[in-house]
Amino acid sequence: MEIILSVVTGLLFTISVYLLLHRSFIKMIVGVIVFAHAINLFLFIAGKITRSMPAFITEEEAGTAALSDPLPQAFILTAIVIGMGVQIFTIVLLNKVHFTAETDDLDTLKTTDLPEA
Amino acid sequence: MTAHILLVPLLTPLLAAMACLFAWKKKQWQQYIYLSGSMITLAGAAALAWQVLQEGIVSIQAGGWEPPFGITLVADAFSVLLVVVTHVLGVLIYFYTLPPVSVSQERKSFGFYPSLLLMLFGITGALLTGDIFNLYVWFEVMLVSSFVLISLGNERLQLEGAVKYVTINFIASALFLAGIAILYGMAGSTNMADLAVRLRADGVSDIVYVAMLFFLVSFSIKAALFPLFFWLPASYPTPPIGIAAIIAGLLTKIGIYALIRTLILVFPDNAFVQQLLLGMAILTMLTGIFGAIAQYDMRKILAFLIVSHMGYMVMGLAIATPLALAGTIFYMVHSILVKTNLFFISGLVFADQQSFHIRKAGGLYERLPWMAALFLISAFSLVGIPPLSGFWGKYMLASTGLATEQYLLVGVALLTSMLTLWAVSRIWLPVFWQHKGAEKQVTLTQGAFVRKNRGMVVSSAALTLLILWLGFQADPIVEISIQAAEQLFDRQAYIDAVLKP
Amino acid sequence: MRTLIYVTAIRIILPMFLLFSLYLFFRGHDHPGGGFIAALVASVGFIFHMLAFGIETTKVTYNVNTFALMGSGLAAALLSALIPVWVGKNFMEALWLPIELPVIGKLGTPILFDLGVYLLVVGMVLKTAFSLFED
């Protein structure tokens, strides 16, 4: 399981970096979203996957039942929520840029880097 | 129960932001809420600082969970010092943004105040948390609000800057999260004090250094260190000057704070990373200052100066002795105040001359000599001319650098100081000193200018007084810096304060 | 998008979305669910309504003030964190009422916190959806 997920994580990273290096807005948005998913999956694998019960147990069961660690899942949930906020913001922002600058090419957005005469 | 004072500076900005959301359509109310909220926060921060400096580290456990399991909030001398400085700026920025030239009225009615409060909330949280995952969350609170602030108003240049700023910071946060994932996988904890114990235990695998590099890269992006600084000059000059000033003054320093906190407290020493930091310090100082010399827009010159002077802070971290770190901490305080004030003054220049371009503005020494004085004090302070504040920070850093035989580093630091003089004189000569008689139509008299932009003048003057105080009365802040640095290196005391309350 | 079938169906589906979101909300303490997911489900319902009737109709029909929603969300969360301090417990410590209600279960500060998350997320998602639809 770990090996499959590791490969998937690697693939997601590859795809997202490939997309982020494109000039199109849409590809950048998809790249950002895939990057967030790759990181979340990475967090999940690094937190050690165990196929067992969730950690909601009674006091008698404590110490006897095999439990999966709830913390990585809590981390991922937090990361998903935050990631969603940032992704929504990115989409709205690029939408605004699209209407203001009338372009969907990231390479045209370089006036802030050019020296003024 | 006295530890609950920690919650006052942390939660008051959130409370005020919430009140602002209810008063969304009423700009006037939002202003009152912001002012009172920031004042209360500053008072709370001062009270917290007093308690920490008198009695040592204050910590509370959220939810009452036993220390390594719950989220810990910790205040030590280093963090409270920065909390107080942050909220001093939080109050001053209110007055600075009153005239519409620094932040327009439309922006103020479209969420300027709540976003600013949430950013202050995020900064305070990042400074006070004792949990590494929680640090990530606070960073995001701070960043998302700064995203809103940077893109507020939807002007084309602003949006262009915001795209770069948002994307690069998103990547940086994701890398930070990857570092946390590795640490949690290794040590099974995210409490910084607990991690400090576990990562120093025998038989810790070398993967910890992978996590360390993730953190280093992520915080280097956030702190704009070489070679990851390019987003800063592209985005910081784009928003209105009032927003640019507070973002430029504070956010990169929080990156350095996180770098210091994690590298000194959490991770075991690593010679390679120290060498890396050394190289980064040298290259950050040099590239930043050369960038500043090549620019013509005042805000861009200042943005590159920020990059350049981040190098000094990394310098202390790279030397990593208590005195060097004290130098870094002092330099952070100095840098926050001086950089913000330079942005404040460039806004004043804009208010008078309608341009940030150094060739289009001119003759201000003649017209508004007090503004020239304000600029000169801040600029000399940045250069490090004794007895102004920059001198003491540079003196502490350079003397420990010489004591530890880092001659190249000290040489570059001194060279950068001299080049900084060149960079600020590139603003001083054309904008203030040069006579620009007939080409410039100036309509306002001096008195009318001051009346129109009273808030900007007052806050800039107040900040200049603070900078002068920091220079002439450096003792108390130097002492607090040394206390903070010693506390940082006394890891056991921190661990005990958190794990054995 | 405005077909007759869709417009008619959405009148029935929207209450079901809201009901399901309430179910997820109260289930969330010990099972999958919780404030965030429930809020997403509820906002998806409203977004469907927007697609069917147009943004103006939705705004007028439900008269949602997204900023007040966000503000009350923050208020609820803050309250849940501060009530324990008020009664002398730790910051954010869970307090439960001694009574147990049918269907809903126990009431306590964690529910209040989740309610805060719920309101905040509904407010935020709707605000974003409004600003995207308006363009």
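Note that the structure is predicted; figures quoted are calculated from it, not measured. (Residues numbered from 1 in each chain as written. Chains lettered and ligands numbered in written order. Predicted model: local features only at pLDDT ≥ 70, side-chain atom pairs only at ≥ 80, totals over all residues.)

1. Points about the overall build of chain C
Okay, step 1: Secondary structure assignment for chain C yields five helices and two strands.
Okay, step 2: For chain C, the C-alpha atoms occupy an extent of roughly 55 × 30 × 20 Å along the three principal directions.
Okay, step 3: Within chain C, buried positions represent 34% of all 135 residues.
Okay, step 4: By sequence separation, contacts in chain C at least 24 residues apart represent 67% of the contacts at least 6 residues apart. (Helix = DSSP H or I, 4+ residues; strand = E, 2+ residues; numbered from the N terminus. Buried ≥ 20, exposed ≤ 12 C-beta atoms within 10 Å, placed from the backbone. Contact = placed C-beta atoms within 7 Å.)

2. A look at unusual backbone geometry
Okay, step 1: With omega at 0 degrees, the peptide bond leading from Phe226 of chain B into Pro227 of chain B counts as cis.
Okay, step 2: Structurally, Pro227 of chain B is set in the loop between helix H8 (207-223) and helix H9 (231-235).
Okay, step 3: With a phi angle near 50 degrees, Glu102 of chain A is a residue other than glycine that sits in the positive phi range.
Okay, step 4: Residue class for Glu102 of chain A comes out exposed when judged on the 9 C-beta atoms lying within 10 Å of it.
Okay, step 5: Notably, Met92 of chain C is not glycine yet its phi reads approximately 70 degrees, a positive angle.
Okay, step 6: One can find Met92 of chain C in the loop between helix H4 (66-86) and strand E1 (96-101).
Okay, step 7: On the basis of neighbour count, Met92 of chain C is assigned to the buried category, with 24 C-beta atoms found within 10 Å.

3. Quick look at the interface of chain A and chain B
By a frequent convention, interface size equals the accessible area lost on bringing the separate parts together.
Okay, step 1: Facing 30 residues of chain A, the contacting portion of chain B comprises 30 residues.
Okay, step 2: Counting residues per element, the ones that place at least two in the side of chain A that touches chain B are helix H2 (25-46) and helix H3 (70-101) of chain A.
Okay, step 3: The biggest single contributor to the side of chain A that touches chain B is H3 of chain A, with 15 residues.
Okay, step 4: Split into classes, the residues belonging to the side of chain A that touches chain B amount to 19 nonpolar, seven polar and four charged. (Nonpolar A, V, L, I, M, F, W, Y, C, P; charged D, E, K, R; others polar.)

4. Some points on the pairing of strand E2 (residues 72-75) of chain B
All names here are of chain B.
Okay, step 1: Of the two faces of E2, both are covered, the one formed by Thr72 and Val74 as well as the one formed by Leu73 and Ala75.
Okay, step 2: Judged from the four bridges that link them, strand E1 (residues 58-61) and E2 form a sheet pairing that is antiparallel. Across the sheet, residue Ile60 finds its bridge partner in E2, namely Leu73. (Pairing = 2+ DSSP bridges.)

5. Structural notes on the interface of chain B and chain C
Okay, step 1: Each partner contributes residues to the interface: chain B has 14 residues there, and chain C has 14 residues.
Okay, step 2: Elements with a minimum of two residues in the side of chain B that touches chain C: helix H1 (7-22) and E1 of chain B.
Okay, step 3: For the side of chain B that touches chain C, a count of residues per class yields 10 nonpolar, four polar and no charged.

6. Looking at the confidence of the model for chain B
Close reading of the predicted structure is inappropriate where its pLDDT is low.
Okay, step 1: Across chain B, the average pLDDT comes to 90, with 98% of residues at or above 70.
Okay, step 2: The secondary-structure element of chain B with the lowest mean pLDDT is helix H14 (residues 364-367) of chain B, recorded at 82, while helix H3 (residues 77-96) of chain B shows the highest, at 94. (pLDDT = per-residue confidence, 0-100.)

7. Things to note about the packing of helix H7 (residues 192-199) of chain B against helix H21 (residues 491-499) of chain B
All names here are of chain B.
Okay, step 1: For the pair H7 and H21, the least separation of the axes is 8 Å and the interaxial angle reads 130 degrees. Of the possible angle classes, the one that applies to H7 and H21 is oblique. For the crossing formed where H7 meets H21, the hand is left-handed. Contacts from Ala193, Asp194, Ala196 and Val197 of H7 reach H21 at Arg491, Tyr494, Ile495, Val498 and Leu499. (Axes fitted to C-alpha atoms, helices over the stretch in contact; angles between N-to-C directions. Parallel < 35°, antiparallel > 145°, perpendicular 65-115°, else oblique. Left-handed = near helix turned anticlockwise from the far one by under 90°.)

8. Thoughts on the packing of helix H2 (residues 35-53) of chain C against helix H3 (residues 55-62) of chain C
Residues and elements named next belong to chain C.
Okay, step 1: Where H2 contacts H3, the two axes come as close as 7 Å, and the packing angle between them is 125 degrees. Put simply, H2 runs oblique to H3. Taken together, the residues of H3 that come into contact with H2 (itself represented by Phe46, His49, Met50 and Phe53) are Ile55, Thr57 and Thr58.
Okay, step 2: Grouping the constituent residues of the contact of H2 with H3 by class yields four nonpolar, three polar and no charged.

9. What to know about helix H4 (residues 105-128) of chain B
All names here are of chain B.
Okay, step 1: Across its 24 residues, H4 extends 33 Å between first and last C-alpha, which sits within 8% of the 34 Å expected from 1.5 Å per residue.
Okay, step 2: The sharpest bend along H4 comes to roughly 60 degrees, located at Gly111, with the proline Pro114 sitting one to four residues further on.
Okay, step 3: In terms of burial, H4 is a largely internal element, 20 of the 24 residues being buried. (Expected span 1.5 Å × (residues − 1). Bend = angle between axes of the 7 residues up to and from the residue.)

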